[in-house]
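# Results of the structural survey
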Amino acid sequence: MDIDICVVGLGYIGLPTASVFASNGFRVQGVDISQRVVDIVNRGEIHIEEPGLKTVVQAAIHSGNLRASVTPVEANAFILAVPTPITEDKKADLSYVEASARAIVPYLRAGNLVILESTSPPRTTVDVLAPILAESGLTVGVDLFLAHSPERVLPGRILNELIENDRIIGGVTTESAERARDLYASFVAGEIILTDATTAEMVKLMENTYRDVNIALANELAVLCGKLGINAWDVIQFANHHPRVHLHNPGPGVGGHCISVDPWFLVERLPEDARLIAMARNINDGMPHRVAGLVRESLVGITNPKVTLLGVSYKGNVDDTRESPSLEVIADLKAQGIELGIYDPHVERFEHSLSGLEDAFRDSDCVLLMVDHNEFKLLDPGALGKLMRRRLLIDTRKLVDAGVWNAAGFVVQLLGKLLLPTPVSPGQRDSMAQALSLSGS
Ligand code: SAJ
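Residues numbered from 1 in each chain as written. Predicted model: local features only at pLDDT ≥ 70, side-chain atom pairs only at ≥ 80, totals over all residues. Heavy atoms only, no water.

### Section: the site of the ligand
Of all residues adjacent to the ligand, which total 21 residues, the nearest are E151, N208, R211, C258 and Y314. At a separation of 2.7 Å, an oxygen atom of the ligand approaches a polar side-chain atom of K204. In this structure, an oxygen atom belonging to the ligand sits 2.6 Å away from a side-chain N or O atom of R211. Coverage of the ligand by the protein amounts to 89% of the 770 Å² it exposes when considered alone. Because more than half of its atoms lie within 2 Å of the grid, the ligand is assigned to the second largest pocket. Take the shell around the ligand: its biggest share by element is five residues, from helix 8 (residues 197-228). Its residues assigned to classes, the shell around the ligand shows eight nonpolar, five polar and eight charged. Among the domains, domain 1 (5-190) and domain 2 (282-439) are the pair contributing at least three residues each to the shell around the ligand. (Near = heavy atom within 4 Å. Polar contact = N/O pair within 3.5 Å; in protein donor to acceptor, adjacent residues only side chain to side chain. Areas by Shrake-Rupley, 256 points an atom, 1.4 Å probe, with all protein chains shown as cover. 1 Å grid on protein atoms, 1.4 Å probe; cavity = no way out; pocket = protein on both sides within 12 Å on 5 of 7 lines; lining within 4 Å. Sits in = over half its atoms within 2 Å of the grid points. Helix = DSSP H or I, 4+ residues; strand = E, 2+ residues; numbered from the N terminus. Nonpolar A, V, L, I, M, F, W, Y, C, P; charged D, E, K, R; others polar. Domains from an automatic or database assignment.)

This is the structure:
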């Protein structure tokens, strides 16, 4: 069977993209380096949580239009949808982009189209991808077409946004962009805007940077309001009545593989100039430690304290834990010897052990709500409070109905209204731990 599209990377972007193309009549080969993922997809199942995805994948596999393998095949078009994470020192790790490009080189033929969907630092398409693809002997822009079409979908709403959102397509040549547009036009209902590859890269990075900087502003607002003794959530709500103001929400940090990562691509490239962007990143990265500091302060005087941590995904109603602020908070509290009962109804695989709901609450001294999962709105504070040693809830998302929890005997503290401690160094944390009379200290 001739393949129309070979999609490399069957993760949060590649799998929905492959199955939507397949359900629009294209013959699609999905490729992933993980045999486990390939087997799951070939069974018509999915390895990630995303509303509606299972049905689309199942239908695509059963129609025969989608199949998966660990190696690429010849195709008319190739879509690279692999991760672009950052290294420990906040530099772009392009190894997956480079490896996926090398993997398709032997399968490229004259007239093929290659599209990079992965979010990438400026000039990646022209400076990194094009030279690798040229190893095929084809001339990029002449007999091999190359474009960057950044994914812009919101986890939790991927299938809908894949179709509805406007799409930016940047070609290394005009014909490259036009060919990519013709492909996506088969299912994209939004507007398709054509530009050059580097502009398209910058558009995507700026979208996420815009959000990161605005979240940093909201987090700074929470710190200021805590010091002034007022409620940041009221300030945000009232200010947003202004027609040109859209303040974001404070929170325990910015997670996920996008917003907490992409701004660093700009800082890495232009460190002298991307000053506001770097500062916003640092403000947001400081939030989990401020939250951990709040928890530590609430435990002063308690021997062998236990904390119930609700939610480990990076945001509500998803199972994705990459760059989750909860990881930082857990590491911080565990380093102090604080016992944790961790509960997340959406997450199955996690690097720390998870508890059932009741076990997480049993003998606890403080509930720390980290994620706005819908399930947490429905918790029964009356029953859960009875399991605890002390009824304290720190809500970092303004999720719960404080009145209901107060009625069940809880003191409810809200991030955005509380005095937030300054993030402290690991050394300072050690001396605070000793002051807390924790177990083993
Ligand atoms: N957050 C706040 N306050 C807010 C909004 C979000 O603290 O007011 C936190 C969330 O809790 C989460 C993080 O920010 O930890 C990011 O969540 P998000 O829902 O804002 O975004 P992502 O990372 O799930 O998806 C983003 C989207 N980009 C934009 O909205 C500009 C999506 O469209 C992109 O496709 C995606 O990044 C990506 O893959 O780049």
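### Looking at the packing of helix 8 against helix 11 (residues 275-298)
In contact at an axis separation of 8 Å, helix 8 and helix 11 are set at 50 degrees when each is read in the N-to-C sense. With respect to their mutual orientation, helix 8 and helix 11 come out oblique. Like other packed secondary-structure pairs, helix 8 and helix 11 cross with a definite hand, here left-handed. Facing M206, T209, D212, V213, I215, A216, N219, E220 and V223 of helix 8, the residues of helix 11 in contact are L276, I277, A280, R281, I283, N284, M287 and R290. A breakdown of the residues in the contact of helix 8 with helix 11 according to their chemical character gives 10 nonpolar, three polar and four charged. (Axes fitted to C-alpha atoms, helices over the stretch in contact; angles between N-to-C directions. Parallel < 35°, antiparallel > 145°, perpendicular 65-115°, else oblique. Left-handed = near helix turned anticlockwise from the far one by under 90°. Contact = heavy atoms within 4.5 Å.)

### Side note on unusual backbone geometry
Positive phi values are uncommon outside glycine, yet R123 reaches one of about 80 degrees. Among the secondary structure elements, R123 is positioned in the loop between strand 5 (112-116) and helix 5 (124-133). With a phi close to 65 degrees, N317 is a non-glycine residue in the positive phi region. Within the fold, N317 resides in the loop between strand 9 (306-310) and helix 12 (325-335). Classification of N317 as partly exposed rests on a relative accessible area of 28%. (Buried < 20%, exposed > 50% of the residue type's maximum accessible area, 1.4 Å probe, protein only.)

### Some points on the confidence of the model for the protein
When pLDDT is averaged across the protein, the result is 95; 96% of the residues are at 70 or more. Residue range residues 437-441 is modelled with pLDDT below 50. Its contacts to residues more than four positions away, or to other chains, number 12 contacts. (pLDDT = per-residue confidence, 0-100.)

### Comments concerning the side chain of T396
Here T396 is to be found in the loop between strand 12 (392-395) and helix 16 (402-407). We classify T396 as buried; its relative accessible area is 0%. One polar contact links the side chain of T396 to the main-chain carbonyl oxygen of L369, over a distance of 2.7 Å.

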